[in-house]
Amino acid sequence: MGNCVSLEMSSDGNGRHIDEANLEALHKAMQELNERRDDLLRRVTIEEDKGFQRLGQVQGWFSKVEGVESQVNDLLESRSKQTKRLCLCGYCSLHFISGCSYGRKVLKKLNEVEGLLTNGVFEVLTERSFKPKGEKKHIQSPIGLTERLEMVYCQLQLYSRRTFGLYGIGGIGKTTLLASINNFFLETVNDFEVVIWVVVSNDLQYLSIQDQILRRLSLDKDWEQDTEEERAYKIHSILKGRKFMLLLDDLGSKVELTKVGVPPITYQNGSVILFTTRSKEVCIDMEAAVGIEVKRLSIAESWELFQKQLGDNTLNSHPDIPALARVVAGKCNGLPLALNVIGKTMAQKKTVQEWSHAITALNLPSEEFLLSNEGGVLPLLMVSYDSLESAKVKSCFLYCSLFPEDCEIEKNELIEYWLCEGFIDGDRDKDGANKEGLDIINLLVSSHLLMNGGVTTKVKMHGVVREMALWIATNFGKENEILCVKSGVWLQQIPEDIISSKVVRRMSFMNNQIAEISCSLECPDLSTLLLQNNKLVDISGEFFRFMPAVVVLDLSENKRLIGLPEEISNLGSLQYLNLSHTGIKSLPVGLKALRKLIYLNVDYTYKLRSIVGIVMSLQNLQVLKFYNSGICIDAILLEELQLLEHLKLLKATVDDAVSLERIQAVDRLASSIQSLCLRKMSAAVVVLNTVALRGLQRLVIRNCKILEIKIDWESKEKREVLPSTSSPSFKNLSSILISDLEGPRDLTWLAFAQNLVYLHVMRSSSIEEIINKEKGISIRSAHRHFVAPFRKLEYLTVTDMDELKIICGYPRAPRKLTEFTVRNCPKLPRDNGESSGWIGEE
């Protein structure tokens, strides 16, 4: 296609001077570009279905086409308007000048479209997924694992059939052994392309198994709406040409792998399936080459593990305790779970009387546990439960059983549940945290009754410990009706047998497939109702009519839920309402009646545009979250927020620099901000005040045009400057994400985030340096107590940064940096094959 470079305007007797040839050429070029885009998109989609990921330059080209398309459409739509103006007014008019400008815009856009056509030729569209080979698992007690791992590895080499089972009673260490196998094949050189970890639910839900497999295999592909058969096809398409290891934890019965979509396992393709189960019969049903029994720890191994949990201080606290400790260790019957949990419990016991009492308790297991299916380990764990220091700690522990097995629970959300249930006091620190709740979580983790999750903000509960908690919570199975836990079992609707339960106190239907609720629950004693992560589209008003005692209602992660009925006003006792990650478009007026509400979360509700008129009625609110939502603080909302006298924690979104400045001028409000999202903000300068935003922990800057970000540390209310001995840095800011930021050439202001742990910068084309060396030195000269930037940084990601040349001008990369990801940054130097950009990196 030939380029049109002339700016001369064609004219007829009426004064028309718009170059029709350029307009026609632009129209045709845009048509060709759209066709090119559609063809490439089809090819990319086919590759992505096979598990590949589109290249950054391909995605960048798609984004540019999308942007230029709307601009060309605007020009073409104004075509007749411009022609009419010129015909009426002739050359010697302002409209003639406007027409000339229009002509230049047409020519400029034509050149841009033709440039995209020229650049839209790709030999390669995708690459192998950057998704990690697998996920490393945390292992608490490596004692005895080496020998077990070697035994399993030998079995893998001996048999041509490639399916193996690990069986043994609950708490004997099957999951730990499987986790060590997972880590071994991730950390050693081998031919496996992917290692997939799946937790199998007790009632064998195939959709859940497929969901976990697809999360490991796919990056951004949305399969949630696919049928079981469609998911199976995708899994089979991705795995059939790959050598994989599939690890299935906690099988209760046979899994039909063909139904899941897993290709046949043969010696030729080299793939392996390993599973754990409590039943040897399941190994036979799964046609395992061999069922490997996971045996108890030896006496020596048991004592080594028990000593490790006790610690020397306890062992040396009295001469008789070592002998008593050996007796207690022997009572644990070589079960690692019991040794861990009881060992941590007994670490607090430093008198002979306490140890003697524990031995007596272990000799007399309760009658209820002797009748249970896990009579071996549960009575042992009961000793640790009985040792919890108070009734409130026990209540907090039992509440955790509402969550599915292996489910990671956010610590802060768990504490909010406990607080609203009345288990703990409602006192909060200045940063909105509840110290009592955090102390209880730390106690439960140190006692091994809870485990740390994959990230530091989450915890989870061992499956056997959860069984014990459910057993105790229902009075040892005698009062099953007071607790309804159907979490993660893929329910389609609320079971009819509990709709009119007069005695049920807590219900958990989280992580299911419930799409509609039309029933009416007549549950006068119900206090907690967990419905998060379902497929909810509609909830009838009848549902909320007869639940007067509910204090916790969690509806989060229901992305298709667009509204709530006005009858929610019947929940007069409600204190906790979570609507985050939903499609909610507006809040019902009935919400104003919930005067006891202390927690409202509408984070990530992109369709929700306003909460004005609602929040001002909720005078007891302590926690309000609308971070990364469609709600932005303006003058009216700011006025209403100032009326919330009890507000301690705020997560907010702002799209206007003036509003941001006004917020920072209200100290009580600004200091309560824990997470802040600046979105679609356009300003020459944006000022962030470290004194006003002293509680800030997470900052997101997205789709903004800001030439400069400045840091200020003057108190806006007291008009005082910090003393020279005080740090002007953000004391709590640990996570920053910057995406699609236009304007600045560097981000040296990040030097004021001295405690930064997570930094992610992406698609910000003007940025050449993250930290400019000269500016950084200037900041350190002014603030002598400042350390070099990023000293505490652990996770750094920079992607799609066309102009980025330097990350930091300081001589060494951060010592704590554990993950450093660079992608599509063509100007960033690479040393020894690894992306760097640290000047003089050693």
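Residues numbered from 1 in each chain as written. Predicted model: local features only at pLDDT ≥ 70, side-chain atom pairs only at ≥ 80, totals over all residues. Heavy atoms only, no water.

S.K.: How should the overall build of the protein be read in this particular structure?
M.R.: Counting its regular elements, the protein contains 25 helices and 31 strands. Classification of the 842 residues of the protein by burial places 52% in the buried group. Residue pairs in contact within the protein that sit at least 24 positions apart in sequence constitute 62% of those at least 6 positions apart. Only carbon and sulfur atoms are counted for the fraction: they give 49% of the accessible area of the protein, which is about 38,400 Å². (Helix = DSSP H or I, 4+ residues; strand = E, 2+ residues; numbered from the N terminus. Buried < 20%, exposed > 50% of the residue type's maximum accessible area, 1.4 Å probe, protein only. Contact = heavy atoms within 4.5 Å. Areas by Shrake-Rupley, 256 points an atom, 1.4 Å probe, with all protein chains shown as cover.)

S.K.: Any chance you could explain the sheet that holds strand E8 (residues 409-410) here in plain terms?
M.R.: The strands making up a sheet associate through hydrogen bonds between their backbones, and the pairing can be parallel or antiparallel. The strand order across the open sheet built from 3 strands is E8-E10-E9, with neighbouring strands paired in antiparallel fashion. The sheet is open, and its two borders are formed by E8 and strand E9 (451-452), each paired with just one other strand. Here E8 pairs with strand E10 (residues 458-460) via 2 bridges, running antiparallel. Bridge assignment links Ile409 to a residue of E10, and that residue is Val459. (Pairing = 2+ DSSP bridges.)

S.K.: Hey, could you run me through the environment of Leu217 in this one?
M.R.: Along the chain, the position of Leu217 falls in helix H7 (residues 206-217). Taking relative accessible area as the criterion, Leu217 reaches 3% and is therefore assigned buried.

S.K.: What is the right way to look at the confidence of the model for the protein in this model?
M.R.: Low pLDDT marks stretches whose predicted atomic positions should not be read closely. Per-residue pLDDT for the protein has a mean of 84; in total, 87% of the residues score no lower than 70. Of the regions scoring below 50 in pLDDT, residues 719-725 engages in 10 contacts with residues more than four places distant in sequence or in other chains. Note that residues 832-836 has pLDDT below 50 and, in this model, 10 contacts with residues that lie over four places away or in other chains. (pLDDT = per-residue confidence, 0-100.)

S.K.: For this particular structure, what's the right way to read the packing of aromatic side chains?
M.R.: Between two aromatic rings, the relevant description is the distance of the centres plus the angle of the planes. Following the criterion strictly, the structure yields 19 aromatic pairs and no others. Pairing Tyr399 with Tyr417 gives two aromatic rings, centres 5.9 Å apart and planes at 40°, and the pair type is tilted. Of the two residues, Tyr399 sits in helix H18 (residues 391-399) while Tyr417 sits in helix H19 (residues 411-421), which places them 18 residues apart along the sequence. Considered together, Tyr399 and Tyr417 belong to a single accessibility category, that of buried residues. Ring centres of Tyr604 and Tyr606 lie 6.3 Å apart, and the angle between their planes is 80°; this geometry places the pair in the edge-to-face category. Taken together, the aromatic side chains of Tyr399, Phe403, Tyr417, Phe423, Tyr576 and Tyr599 make up a single cluster linked through ring pairs. Note that Lys243 overlies the ring of Phe192, its terminal NZ or CZ placed 4.9 Å from the centroid. (Phe/Tyr/Trp six-rings, centres within 6.5 Å; stacked < 30°, edge-to-face > 60°. Lys NZ or Arg CZ within 6 Å of the ring centre and 35° of its normal.)

S.K.: Is there a simple way to explain the side chain of Lys625 in this structure?
M.R.: Considering the arrangement of structural elements, one finds Lys625 in strand E19 (residues 623-625). Lys625 sits in the buried class, given a relative accessible area of 6%. A distance of 3.3 Å separates polar atoms of two side chains, one belonging to Lys625 and the other to Tyr599. Among residues more than four places away in sequence, those in contact with Lys625 are Glu413, Tyr599, Leu600, Asn601, Val602, Asp603, Leu649 and Lys651. (Polar contact = N/O pair within 3.5 Å; in protein donor to acceptor, adjacent residues only side chain to side chain.)

S.K.: Help me out: how do you make sense of a negative patch on the surface in this one?
M.R.: On the surface, a cluster of negative charge is made up of Asp425, Asp427, Asp429 and Asp431. Note that Asp427 resides in the loop between H19 and helix H20 (435-446). (Patch = residues over 30% accessible without salt bridge, like charges linked within 9 Å, V, L, I, M, F, W, Y side chains within 5 Å. Salt bridge = Lys/Arg side-chain N within 4 Å of Asp/Glu carboxyl O. Lys, Arg positive; Asp, Glu negative; His and termini not counted. Charge placed at Lys NZ, Arg CZ, Asp CG, Glu CD.)

S.K.: Explanation requested: helix H5 (residues 145-158) in the structure shown.
M.R.: Each turn of an α-helix holds 3.6 residues, which means side chains three or four residues apart point in the same direction. In a regular helix each residue adds 1.5 Å, so 14 residues correspond to 20 Å; H5 covers 20 Å between its end C-alpha atoms and thus fits that length. For H5, every residue scored as buried is listed here: Leu145, Arg148, Leu149, Val152, Gln155 and Leu156. For H5, the buried positions fall inside an angular range of 120° around the axis, keeping them on one side. Exposed residues lying more than 90 degrees from the buried face of H5 are Gln157 and Leu158. (Expected span 1.5 Å × (residues − 1). Arc of directions from axis to C-beta.)

S.K.: When you look at unusual backbone geometry in this model, what are you seeing that I'm missing?
M.R.: A negative phi holds for most residues other than glycine; trans holds for most peptide bonds. A positive phi angle, near 70°, is found at Asp250, a position not held by glycine. Summarising the element assignment, Asp250 is placed in strand E5 (residues 244-251). The exposure class of Asp250 is buried, given its relative accessible area of 13%. A positive phi angle is found at Asn511, which is not glycine, with a value near 60°. Considering the arrangement of structural elements, one finds Asn511 in the loop between strand E12 (506-508) and strand E13 (516-517).

S.K.: Help me understand the sheet that holds strand E6 (residues 272-277), please; the structure alone is not making it clear to me.
M.R.: One open sheet accounts for 5 strands, arranged E4-E5-E6-E3-E7; its pairing is parallel. Whereas interior strands pair on both sides, the edge strands pair on one side only; in this sheet they are strand E4 (194-199) and strand E7 (290-293). Mean inter-strand twist for the sheet, computed between neighbouring axes without regard to direction, equals 20°. Inspection of the sheet shows E4 paired to E5 by 6 bridges, in the parallel sense. Among the inter-strand pairings, Val194 is bridged to a residue of E5, identified as Phe244. Along the sheet face, H7 touches E4 and E5 and points at about 150° away from the line of E4. (Axes fitted to C-alpha atoms, helices over the stretch in contact; angles between N-to-C directions.)

S.K.: What am I meant to see in the side chain of Gln309 here?
M.R.: Topologically, Gln309 is positioned in helix H11 (residues 299-310). A relative accessible area of 6% places Gln309 in the buried class. Of note is the side chain of Gln309, whose polar atom sits 2.8 Å from the side chain of Asn340.

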